[in-house]
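Structure assessment
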Amino acid sequence: MYQALYRKWRPLTFADVIGQQHITDTLRAQLEAGRLSHAYLFTGTRGTGKTTCAKILARAVNCEHLKDGDPCGVCPACQGILDGSILDVVELDAASNNGVDNIRDILNETRYTPTAVKRRVYIIDEVHMLSTGAFNALLKTLEEPPPHVLFILATTEIHKVPQTILSRCQRFDFRRIAPRDIAKRLSEVAAAEGMTVTDGAAQLIARLADGAMRDALSMLDRAAGGGTVDEAAVTDSLGVLGADDAVGLMESLKAGDAAEAVRLIGEYYRAGRDLSGVYDQLLGLIRDMLLVSSAKTDVSALLSPAYPMETVLRLCEGTAPATLIAWSHVIQESLTRQRTASNRRIEAELCAVRLCGLRGEDYDDLTGRVSAIEEKLKHGIPVHVEPVAAKDDFPPPPGDDDAPPPFDDADAPDWLDEERPAKAQAKPKPAPAAQEWTGWPQLLEALKGKVSMAVQTNLQLSGKALLSDSALIILCDDEITQQLAKNDLPAIEEAAAVVIGHTIKVKIRLAEERPDDNSALDELVERAHKLNIEVTEFEF
């Protein structure tokens with residue numbers, strides 16, 4: 001009968017345990033020195049070797065020919081414990097045997113000496129599932145057990161174990177196994193089983209296993225059904241996103257191509273992949289990109305093995321850390337909604353559309369939004385500037401052949417000059433209305449290096465200018481741009497004077513408050529200046 005790989009390749013000695021050397025070395029040293037504790041508590045995530053080490057320790061304390069702290073595996077005690085014929089080693093699942101009566105049965109047995117081995121060993125798996133009464137029943141015996149009894153407790157949720165139990169045990173914390181160690185072990189198992197496994201497939205399984213060796217072996221077992229195990233076989237058998245697929249989805253998000261992103265989501269959906277898992281893997285890629293773009297040191301050792309460093313660097317070009325953080329927020333909100341959504345595909349597609357067109361509120365603050373715009377500009381993302389028509393481009397007003405010729409003052413009789421009111425002769429010509437200024441691009445160029453990057457970027461994206469005889473009026477699309485421009489108003493006036501050729505007043509206005517021609521007010525201010533009258537202008 002076929003035996004699952006995670007059972008067939010379960011380690012039989014401490015030396016075979018992967019990624020827990022800090023624990024196995026300590027246990028072997030205690031076994032050689034004969035300084036064993038009466039109770040051990042193994043804690044850690046699933047598949048990291050807790051139950052495996054408990055079984056190895058149960059054999060080691062009863063082994064007749066201990067070798068460097070490892071059980072020999074050939075003596076009657078080791079063989080009997082392995083095949084289950086020795087009843088002095090008991091493994092109890094607390095998930096299904098969590099009552100007081102179950103613990104009392106164990107305590108009643110502890111008073112008797114073992115029949116076939118040196119010590120009775122009780123392995124209680126998932127000990128956090130015990131009831132309060134069961135924990136209380138275990139306390140006294142756990143603190144002062146008979147010399148021939150050893151308790152080994154294992155749990156994945158250490159916070160659910162009472163402190164009174166924790167204080168009576170020697171605790172060992174099992175770490176998540178590193179992906180490189182899992183990938184190496186998978187290659188060894190595949191070679192021994194006669195399988196062909198590519199390095200990319202082993203690394204992908206190692207990343208998906210999330211530090212659990214048992215999960216990795218189970219995934220390898222599933223992917224090996226079709227012969228050669230490569231990345232395509234892993235993604236097809238496990239229904240997950242491949243490394244190239246994640247990169248393709250990220251490139252569509254960077255380009256803002258919502259149609260391509262939605263098409264890819266539909267393709268993954270038809271392939272039977274879990275859409276929540278797709279975005280979860282995309283979060284892993286975003287995490288790698290954020291490390292590379294934010295860290296000032298080499299972080300290659302911290303990256304997941306699924307994506308080459310060159311690929312991550314290429315994806316980081318033109319993508320600000322603030323954008324990556326905003327993407328992660330949007331994805332996590334979507335993952336929360338997908339758990340209760342009636343149609344997960346639509347929710348996943350809406351998330352892709354939102355990722356392609358981030359809004360201002362998606363960023364943590366204004367600084368993040370500005371840094372994202374600066375990053376795009378730095379990498380050559382074109383900014384659309386509407387062309388402004390010159391005066392000569394406007395068509396002349398329609399003529400009227402039947403209209404009378406204009407009246408000329410030279411043809412008027414002399415008596416008409418005498419009867420004209422004096423104030424009519426002094427009536428000033430109306431000032432021309434403000435017109436679109438064609439020198440706006442030149443002003444933006446002149447501002448480089450003289451104002452902050454935030455002012456430069458926002459004016460380039462959401463600003464334009466009108467020019468009149470008395471002032472240059474800069475129109476801003478939003479209040480943020482207006483306030484930033486006012487903070488650097490002296491530098492803007494200096495640059496405007498260089499572009500125009502003379503000193504000119506610069507006014508900052510909102511585009512929705514586009515000013516009309518204030519010729520009368522301008523004339524009044526001009527007359528006051530000629531009469532040496534001080535006039536104060538207030539900006540609103």
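Everything quoted here is computed from the prediction, not taken from an experiment.

Right, let's talk about unusual backbone geometry for a bit. Positive phi, normally seen in glycine, also occurs at aspartate 68, with a value near 55°. With respect to the element layout, aspartate 68 can be found in the loop between α3 (50-60) and α4 (76-83). Aspartate 68 sits in the exposed class, given a relative accessible area of 56%.

The strand order across the open sheet built from five strands is β2-β3-β4-β1-β5, with neighbouring strands paired in parallel fashion. Two strands bound the open sheet, and with one partner strand each, they are β2 (89-93) and β5 (170-173). Neighbouring strand axes in the sheet, compared pairwise and without regard to direction, differ in orientation by 15° on average. Two elements, strand β1 (residues 39-43) and β5, share four bridges in a ladder whose sense is parallel. Paired with leucine 41 across the two strands is arginine 171, which belongs to β5. Against the sheet, helix α5 (residues 100-110) contacts β2, β3 (120-125) and β4 (149-155), and its axis sits at roughly 165° relative to β3.

Let us now look at the confidence of the model for the protein chain. Within the protein chain, residue pLDDT values average 80, and 80% of them lie at 70 or more. Across residues 382-386, where pLDDT falls below 50, the model places three contacts with residues more than four positions away in sequence or in other chains. Within the model, the stretch residues 422-431 combines pLDDT values under 50 with seven contacts to residues more than four positions away or in other chains.

As a further point, take helix α2 (residues 21-33). With 13 residues, α2 extends 18 Å between its outermost C-alpha atoms, agreeing within 8% with the 18 Å of an ideal straight helix rising 1.5 Å per residue. Those residues of α2 that fall on the buried side of the exposure criterion are Ile23, Thr24, Leu27, Gln30 and Leu31. Each buried residue of α2 lies within a common arc of 130° when the element is viewed along its axis, so the set occupies one face. Turned more than 90 degrees from where α2 packs its buried face, Gln21, Glu32 and Ala33 sit exposed. Of the surrounding elements, those touching the buried residues of α2 are β1, α3 and β5. Phi turns positive, to about 70°, at glycine 34, one or two residues after α2.

Let us look at the sheet that holds strand β7 (residues 463-467). Ordered by their spatial adjacency, four strands build an open sheet running β6-β7-β8-β9, and the pairing between neighbours is mixed. On the outer flanks of this sheet lie β6 (435-436) and β9 (505-510), each paired with one strand and no other. Where β7 and strand β8 (residues 471-476) come together, five bridges link them in antiparallel fashion. When the sheet's bridge partners are listed, alanine 465 is paired in β8 with isoleucine 474. Each of β8 and β9 is contacted by helix α23 (residues 479-487), which is oriented at about 160° to β9, the strand it contacts most. The sheet contacts of helix α24 (residues 489-500) involve β7, β8 and β9, and relative to β9 the element is tilted by about 120°.

Rules and cut-offs
Residues numbered from 1 in each chain as written. Predicted model: local features only at pLDDT ≥ 70, side-chain atom pairs only at ≥ 80, totals over all residues. Heavy atoms only, no water. Helix = DSSP H or I, 4+ residues; strand = E, 2+ residues; numbered from the N terminus. Buried < 20%, exposed > 50% of the residue type's maximum accessible area, 1.4 Å probe, protein only. Pairing = 2+ DSSP bridges. Axes fitted to C-alpha atoms, helices over the stretch in contact; angles between N-to-C directions. Contact = heavy atoms within 4.5 Å. pLDDT = per-residue confidence, 0-100. Expected span 1.5 Å × (residues − 1). Arc of directions from axis to C-beta.

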